[in-house]
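# Observations on the three-dimensional arrangement
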Amino acid sequence: MSQVEIINAVKKYGELAALDHVSMTFKDGEFFGLLGPSGSGKTTMLRAIAGFVLLDEGEVRVDGKDIGATPVYQRNIGMVFQNYALFPHMSVAENVAFGLDVRRIPAAEQRKRVADALAMVRLVGFEQRKPKQLSGGQQQRVALARALVTRPRVLLLDEPLGALDKHLRQEMQIELKRIQRDVGITTVFVTHDQEEALTLSDRIAIFNAGRIIQAGSPGEVYARPINRFAAGFLGEANFLGGKVGGVTNGWAQVALDGGAIASVEGQGLQIGQQALLAVRPERMAIHAGSATAPGSNRLAGTVGEVIFSGNSTSYRIHCGPQIISVFRQNDGQPILASGTAVSLTWEPDDAVLVAE
Amino acid sequence: MANAHERRAILSLTAPAYLWLTVTIFLPLAAMLYCSFLDKSPLVPAPAMATLANYVAFFTRPVYRQLTWWSLELGLYVTFFSLLVGYPVAFALAKQIKGRWREALFLMVILPFWSNALVRIFSWTMVLRNGGLIDQAIHWVSPDAAPIDLLYSYPAVVIGLVHSYLPYMILTCYISLQAIDDSVVEAAASLGARSATIFSRVIFPMSLPGVIAGSALIFVPVIGSFMEPRILGGTKGVTLGMSIEEQFMVTANWPLGAALSFMMLAIVLLICAVGYPLVQRRMDGLK
Amino acid sequence: MSAEKTMRSGGLKLGPVVLRLHLVLVLLFLYVPIIVMAALSFNRSQLYELPFTFDLVWYQSLAGDSRLIDAGINSVVIALVNTVVATVLGTMAALAFARYQFRGKSLLQLLLFPPITIPWLVIGTAMLVFFFWTGIGRGLHAILLGHVALSLPYVIVVVGARLANFPRQMEEAAATLGATPWQTFWRVTAPILAPGVVAAALFAFAVSFDQFVISYFLAPPGVTTLPVAIYAAIRKGFTPEINAISTIIILVSMGIMLITARFYRFGGER
């Protein structure tokens, strides 16, 4: 249960910078998600903590100590790989005991700790099975037990739920969170699935092209994305561009391309400056007809596609040249048909100023 | 790409094997190439001079043209019969027999292939010769029939070689046929094709890579064979391989033997050069 | 299914029954000569006459034929040494191919083709010439050199196939669990590789034990391997001992192949 720091990490492969001066602190006991598209550097960072990647510049510190020179097998980390990497020639019990065995822990204690680990992942009774007799979810739990039984300082997970189907994934998300909380171990995981990142993490870092774009709690990062990439990668966003008309009391009036006016909280904005606003689809209220609707910030448009998803409906609204996404829970209001004239409104608080 | 530390590892891992291959295969081939341009055998103490005479002999002396043709002819016969006999076996195994029977039968077909080729050829002499199995069987049926001696004949050589190399064809055709998805056949049937059409226009073309690969694997060794023709053919069924063997073991005319060897190699390479793109195009079409 | 019915109905003349019959006939074709030869080796008669009287006389006289016995020992010894050398060298090379990407890798892999595609006649005569010039000469050592060269591509391919299915992540997982590289190799890599390596070794043994052409050119008078000795015996004239020794060889080769198949299948986790 340790604190892990990455300080100014740089890793280049030829011309490509996989990590471009990245720094982050993973607090003791926190469940931290590294999110980003393929090749963004998140896996490189994970492997740098593990020791498979040696940084060109920068440090990896655990509890303040630089472990850059420590080989993988001495770092006392636990890692669960994307395809679990269970040893096929060993039974479940032998797999889990492996880390204890190479440390020459006496057999009696091995047995006890293996039993405890299997109980924690709810696989009691599976000791003698071979990996190929297990389902994907069971294999993953064995991999988790194997990584945790050695009581490592850090737990690393590489796309932990990627290989599971939807139902199993939801189940495992809950399991994983529970186990992590019970054990209290600092956990860093990598994923390209933003839903997974939101569900599991205490904090998230969004990666792109070797840099951390934004880091913070899921709520913070979701509600207040820093730039277009962060807004678009974590969830969906509607982007409204325009020129700043006036600034009053820290609030700016932005003349959107297309004519409407939007207010947004924006300290330090100059009149005449270009601004980009992001509004989440679920924050937009949709009203049939072009009648006046409550709230300032307003757009008019026509319903394009309607996507019904059981408990919710998504609309694609054509507002001039732009297509705005709106998400609405099916709470009894009638579902609007394609071609209906509508107006969209949102609270000024829900518009966020984002960098390009 | 690899860094310095890795380069050392790669070198130390691959060097021994490839050094061995260099000394035993690549350098000897180069040496024999050089030898083929000499006018005297290396066994003779007098210094030798460069000449094209050996290669010229191959192209001008009718005996070598004849031998080459006979070798190619033998290759064609053996390949053809291997295909004729082997393809249906591969088809049956790949498409019709399932489960444990398939594995067991496949193993039974492949097994003789991995035993000693010389001994298998020899076993045919027991069957074909005067007093051998076939002769005895015929006499058992009709005691007055004349004795049959199939040994030391061209058909005997063909039979023996087909026996030796048949499993190659079965193996390659089997792999090719097995890769054909059943759903493709079903799709053809649903489009109204009858089985003969399905076979000729869908299955056989898709299995062509296996046929071509098997043919190459058979044709190449057969045209270079000398042991089988000698044991089963005696003076009939003479091949270029036998002539090469004579140059080295009997007449000690190594340069000539070397030249003939390389001409044979050239023929093999020609076949590969023609066959490889054929297979590639087919395989790309299948992907 | 509709496709099968189409197969069995009018259209195609070759029904499944005919094909199965053909399969049986082919199996007969493949095995009858061998069985006949084996049967005759146990027959007391000097020629191939019936009636059949079971007798081990030819095997006994075989035991006294020192030339064939010596040749047999040579074959086995060469095959064993060949197996060790080819397996070690080939496994190392296969490891390099599986673990690393490097310039020239495709070239090296391409170079594995000549030993298997070039007719053995050409390789054998080339070795004869080169060994003569370099003073290596003929003999058991030369034969060994040749056999290893022929076995190497097979070993590399067989072990390579096994390695291709071996995810690197297992070794990484072992490292994260605290195993030193040495421990990782012994506890994880080697046990998983073992069946593939054993299969390759058995392959190499069979290739060497059955090899005729290369041995033929590289064997000096008086020292030979078993196949070459048998060939000389056949050329001299038929004696029933040849049946006996041939039967032994066939059983050994087939036995090895059966064991290899078993190993490759059960280790291969298909």
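Keep in mind the model is a prediction, meaning the values are calculated, not measured.

### Thoughts on the overall build of chain C
- Looking only at helices and strands, one finds 13 helices and 0 strands in chain C.
- Starting at the N terminus and walking to the C terminus, you meet the elements of chain C as α-α-α-α-α-α-α-α-α-α-α-α-α.
- Taking 2.2 N^0.38 as the reference for a compact globule, 270 residues should give roughly 18 Å; the C-alpha atoms of chain C span a radius of gyration of 24 Å, well beyond that estimate.
- Each of the 270 residues in chain C was classed as buried or not, and the buried ones make up 48%.
- If you take every contact in chain C between residues at least 6 apart in sequence, the share linking residues at least 24 apart comes to 79%.

### Focus on unusual backbone geometry
Residues and elements named next belong to chain A.
- At Arg-104, a position not held by glycine, the phi torsion is positive, near 60°.
- Relative to the elements of secondary structure, Arg-104 occurs in the loop between α2 (92-102) and α3 (107-120).
- A positive phi angle is found at Glu-159, which is not glycine, with a value near 45°.
- Counting through the fold element by element, Glu-159 comes out in the loop between β7 (154-158) and α5 (166-183).

### Observations regarding the confidence of the model for chain C
All names here are of chain C.
- Looking at chain C, pLDDT values average 83 and 90% of them are 70 or higher.
- Here helix α1 (residues 2-8) stands out as the element of chain C with the lowest mean pLDDT, 44, in contrast to helix α11 (residues 213-218), whose mean of 92 is the highest.
- Low pLDDT, under 50, characterises residues 1-13; the stretch is placed with 21 contacts to residues that sit more than four places away or in other chains.
- Here the predicted complex carries an ipTM of 0.82, next to a pTM of 0.75.

### Brief notes about helix α12 (residues 226-236) of chain C
Residue and element names in this part refer to chain C.
- Taken across its 11 residues, α12 has 8 buried, putting it largely inside the fold.
- Regarding α12, the residues found buried are Leu-226, Pro-227, Val-228, Ala-229, Ile-230, Tyr-231, Ala-233 and Ile-234.
- Phi turns positive one or two residues past the end of α12, at Gly-237, with a value near 145°.

### Notes on the pairing of strand β2 (residues 16-26) of chain A
All names here are of chain A.
- Looking at chain direction, strand β1 (residues 4-13) and β2 are connected through 8 bridges and run antiparallel. Of the residues in β2, the one forming a bridge with Lys-11 is Leu-19.
- Where β1 folds back onto β2 in an antiparallel hairpin, the turn is made up of 2 residues, including Gly-14, whose phi is positive at roughly 65°.

### What to know about the sheet that holds strand β9 (residues 203-208) of chain A
Residues and elements named next belong to chain A.
- Strand order in this open sheet of 6 strands is β6-β7-β8-β3-β9-β10, and the pairing throughout is mixed. Strands at the two margins of the open sheet, each flanked by one partner only, are β6 (77-80) and β10 (211-216). The average angle at which neighbouring strand axes cross in this sheet is 20°, direction not considered.
- Where β7 lies against strand β8 (residues 186-191), 5 bridges are found, and the strand directions are parallel. Looking at β8, one finds that Leu-155 is bridged to Thr-187.
- Strand contacts of helix α1 (residues 42-50): β3 (31-35), β6, β7, β8 and β9, with the helix running at about 145° to β7, the strand carrying the most contacts.

About the thresholds
Residues numbered from 1 in each chain as written. Chains lettered and ligands numbered in written order. Predicted model: local features only at pLDDT ≥ 70, side-chain atom pairs only at ≥ 80, totals over all residues. Helix = DSSP H or I, 4+ residues; strand = E, 2+ residues; numbered from the N terminus. Rg over C-alpha atoms; globule rule 2.2 N^0.38 Å. Buried ≥ 20, exposed ≤ 12 C-beta atoms within 10 Å, placed from the backbone. Contact = placed C-beta atoms within 7 Å. pLDDT = per-residue confidence, 0-100. Pairing = 2+ DSSP bridges. Axes fitted to C-alpha atoms, helices over the stretch in contact; angles between N-to-C directions.

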